[in-house]
Each structure stands twice: as C-alpha cells, then as structure tokens.
Amino acid sequence: MNSVTYKNRTIEQGELKYTGKAKEVYTTNDPDILWIHYLDQATAKNGKEKEQIDGKGQLNSAISHLLFDYLTQQNIKNHYLLSISKTDELVQALEILPIEVVTRNYASGHFVSKFQVTPMKKLTPIVQEFYYKSDALDDPFINDSQILALGYAVADELIYLRQEAQQINQLLSHLFSTINIQLIDFKLEFGRTASGSIILADELSPDNMRLVDLTTGDSLDKDIFREHKGDMTVGYHEVLDRLSHVK
Ligand code: ATP
Ligand code: TYD
C-alpha cells in the first residue's frame, strides 16, 4: 500500500474515486485529503482525441506544484498540500463547483472562431467566461443567471470567482512575463471546503493555459498537441525549466 507522512500523520492511498482525462483521484484514510496521480495522457476535443505521452504526468505535476507554491506565497488560498512523488500529490478534498472559469488576455482558440477576430488581439478589459463542467454536454458556456438559477453557485460566490480569477491572472501573467512567456488564456476550477469557503483547485499547467514565447511566438502549451504540431513535451519542458529558475 502506498503511504506518505503529512504533518506527522500517515496518509494512506485509498480507492480510486475518479479517472479523468489527465489525472486519477484516490481517496485516503483522511476524508479531507485526496491523493492525485497525474497520467501520461493527453486529450483534445473533450477526450475524443487521446494519446499516451511518456513523461507528461511528471511535467504537469511539477509545473502545477511550482505554480501552486507561487500562488500560496502570494496568499491565494488553494487545495495544494504536498508533493509525494514526481507524479503524485496530496490535495484538500473539496466539493468542486461545476464551473470552469476561463480568463482571456489575448484572443485565441474558440474566442477567435466564435467572433472572427484577429488571433492574439489584446483584450481590454480582460474577458472572463464560465463553462458548465459536463463532459456529456461538451462543457457548454453558461452565464451568471443560469448558474444562479441552476444552483451551481450563489451570487457572492460568483463575485468571488471573478475577483479571484482576476487576481490570479495578474499574478500568473507577471510571473510568466519574468521568464519571457505570455499568458494568453487559462481555465481555473474552484471548490468548496467543508466550512463553505471557496478555494482554487485542480491543476495549473500548460494543459489548461495557453503560453507563448514572447520572442519567438512559439506555443509552449497543449496547442502543440491540439494542432498536431509535434512533440508537446518540448514546450512543457521549456516552461518547467524556466519556472524552475525563477528566483
Ligand atoms: P475536466 O477537469 O476538464 O472536467 P477531467 O475530469 O477529465 O476533466 P482530470 O484533471 O483528469 O479532469 O481529473 C481530475 C478531477 O479531479 C477533475 O474532475 C477535478 O475537478 C477534480 N478535482 C481537482 N481538485 C480537486 C479537489 N481538491 N477535490 C475534489 N476534486 C478535485
Ligand atoms: P477555449 O479557447 O475556450 O477552448 P479551446 O481550447 O477549445 O480553443 O479555451 C480557453 C483556455 O481555457 C485555454 O487555455 C484552454 C482552457 N480550457 C481548458 O483547459 N478546459 C476547458 O474545458 C475550457 C473550456 C478551457
């Protein structure tokens, strides 16, 4: 059985609770803690395209770890507890809101095709969008009143999600700019703690954000896989290498 020491207690890996497109989620002997395992798998088109990519789990886990550490230092409340191995981590168990919070600094992806705007057009103010987290429905766009009417969050929580996403955007955009990378857009997930507060959850990696080298304009994220442009791990290695050297 896999186990790890966390805060002078033994945390044991329990049953597989959920297999997602990029991670496995296990219970532990503590109901407030989950054991996350990053998979060597890349998907696009909401899982319709899937490929085994050796080493991807380690890359995402390492990048996510560094970004959560940075946000923790900047007082952003989040679920990250401990890195166990190159692919596994402990997180605080949350009730995940079924809302994906997307922030866009520059036009890309669906935003370009939907509005037929020039790719990389700077968006002022920044754009925030919500999507309903449902693979069966292909994560449809959802607006504030739909979220409230369907009870997926309450009004104060929506205000908090927007403020928190804006703050995280400022922090991450700044961090990436110091390593010559532009943060184009990204998706966040949040969850409720047992006491009812909302904190940042899931993963922070090039699977969920578009990152471009400021000098060359090269993609350093999942677009390499989405657009069949070669080995996606090259870009991920580059992001990890630059983040690892941030002072
Ligand atoms: P998507 O995130 O796009 O819906 P997925 O479900 O395939 O896709 P994975 O990253 O493979 O995503 O799976 C991880 C799952 O764990 C996600 O459903 C995510 O919402 C959930 N999760 C992340 N952090 C926590 C947490 N702290 N507590 C409970 N569940 C979490
Ligand atoms: P978007 O342009 O809406 O979608 P696509 O990637 O299909 O062109 O995505 C905006 C950003 O949010 C991008 O960095 C990917 C991320 N994202 C996810 O990681 N998962 C999601 O379910 C959604 C909707 C977006």
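- By the naming in an unreviewed UniProt entry, the chain goes by Phosphoribosylaminoimidazole-succinocarboxamide synthase and is assigned to Leuconostoc carnosum.
- Turning to the chain, the UniProt annotation filed under Sequence similarities (unreviewed entry) states: "Belongs to the SAICAR synthetase family."

**Brief notes about the packing of helix H1 (residues 56-73) against helix H4 (residues 155-177)**
In a packed pair of helices, the relevant descriptors are the angle between the two axes and the axis-to-axis distance.
Link 1 in the chain: Two numbers describe how H1 lies on H4: the axes approach to 11 Å, and their chain directions differ by 120°. In terms of axis orientation, H1 runs oblique to H4. Seen from above, H1 lies across H4 with right-handed handedness. Seen from H1, the contacting residues are Leu67, Tyr70 and Leu71; seen from H4, they are Ile168, Leu171, Leu172, His174, Leu175 and Phe176.
Link 2 in the chain: Grouping the amino acids of the contact of H1 with H4 by side-chain chemistry returns 8 nonpolar, 1 polar and no charged.

**Quick notes on the pairing of strand S5 (residues 41-44)**
Link 1 in the chain: Residues Gln41 and Thr43 line one face of S5 and the alternating positions Ala42 and Ala44 line the opposite face, and both faces are buried.
Link 2 in the chain: Summarising the sheet, S5 and strand S6 (residues 49-52) pair through 4 bridges and their orientation is antiparallel. Pairing of Gln41 across the sheet is with Gln52, part of S6.
Link 3 in the chain: Between S5 and the antiparallel strand that follows it, S6, lie 4 residues; Lys45 among them carries a positive phi value of about 50°.

**Describing the site of ligand 1**
Link 1 in the chain: Lining the immediate environment of ligand 1, one finds 18 residues, of which Tyr18, Lys21, Lys23, Lys133 and Glu189 sit closest.
Link 2 in the chain: In the model, an oxygen atom of ligand 1 is placed 2.5 Å from a nitrogen or oxygen of the Lys21 main chain.
Link 3 in the chain: Measuring from an oxygen atom of ligand 1, one finds a side-chain N or O atom of Lys23 at 2.5 Å.
Link 4 in the chain: Of all the elements in the fold, those that place two or more residues in the shell around ligand 1 are strand S3 (23-28), strand S8 (88-92) and strand S12 (181-192).
Link 5 in the chain: For the shell around ligand 1, a count of residues per class yields 8 nonpolar, 3 polar and 7 charged.

**Let's talk about the sheet that holds strand S1 (residues 3-6)**
Link 1 in the chain: Strand order in the open sheet formed by 6 strands is S1-S2-S3-S4-S8-S7, and the pairing between neighbours is antiparallel. Two strands in the sheet have a free side with no partner beyond their single neighbour: S1 and strand S7 (80-83). Neighbour-to-neighbour, the strand axes of the sheet open up by a mean angle of 35°, direction not taken into account.
Link 2 in the chain: For strand S2 (residues 9-19) and S3, the ladder comprises 4 bridges, and the chain directions are antiparallel. Residue pairing for S3: Gln13 is matched across the bridge by Thr28.
Link 3 in the chain: In the packing of H1 onto the sheet, the strands contacted are strand S4 (33-38), S7 and S8, and the crossing angle to S4 comes to about 135°.

The rules behind the values
- Residues numbered from 1 in each chain as written.
- Chains lettered and ligands numbered in written order.
- Predicted model: local features only at pLDDT ≥ 70, side-chain atom pairs only at ≥ 80, totals over all residues.
- Heavy atoms only, no water.
- UniProt positions renumbered as here; feature names shortened; annotations may be inferred.
- Axes fitted to C-alpha atoms, helices over the stretch in contact; angles between N-to-C directions.
- Helix = DSSP H or I, 4+ residues; strand = E, 2+ residues; numbered from the N terminus.
- Parallel < 35°, antiparallel > 145°, perpendicular 65-115°, else oblique.
- Left-handed = near helix turned anticlockwise from the far one by under 90°.
- Contact = heavy atoms within 4.5 Å.
- Nonpolar A, V, L, I, M, F, W, Y, C, P; charged D, E, K, R; others polar.
- Buried < 20%, exposed > 50% of the residue type's maximum accessible area, 1.4 Å probe, protein only.
- Pairing = 2+ DSSP bridges.
- Near = heavy atom within 4 Å.
- Polar contact = N/O pair within 3.5 Å; in protein donor to acceptor, adjacent residues only side chain to side chain.

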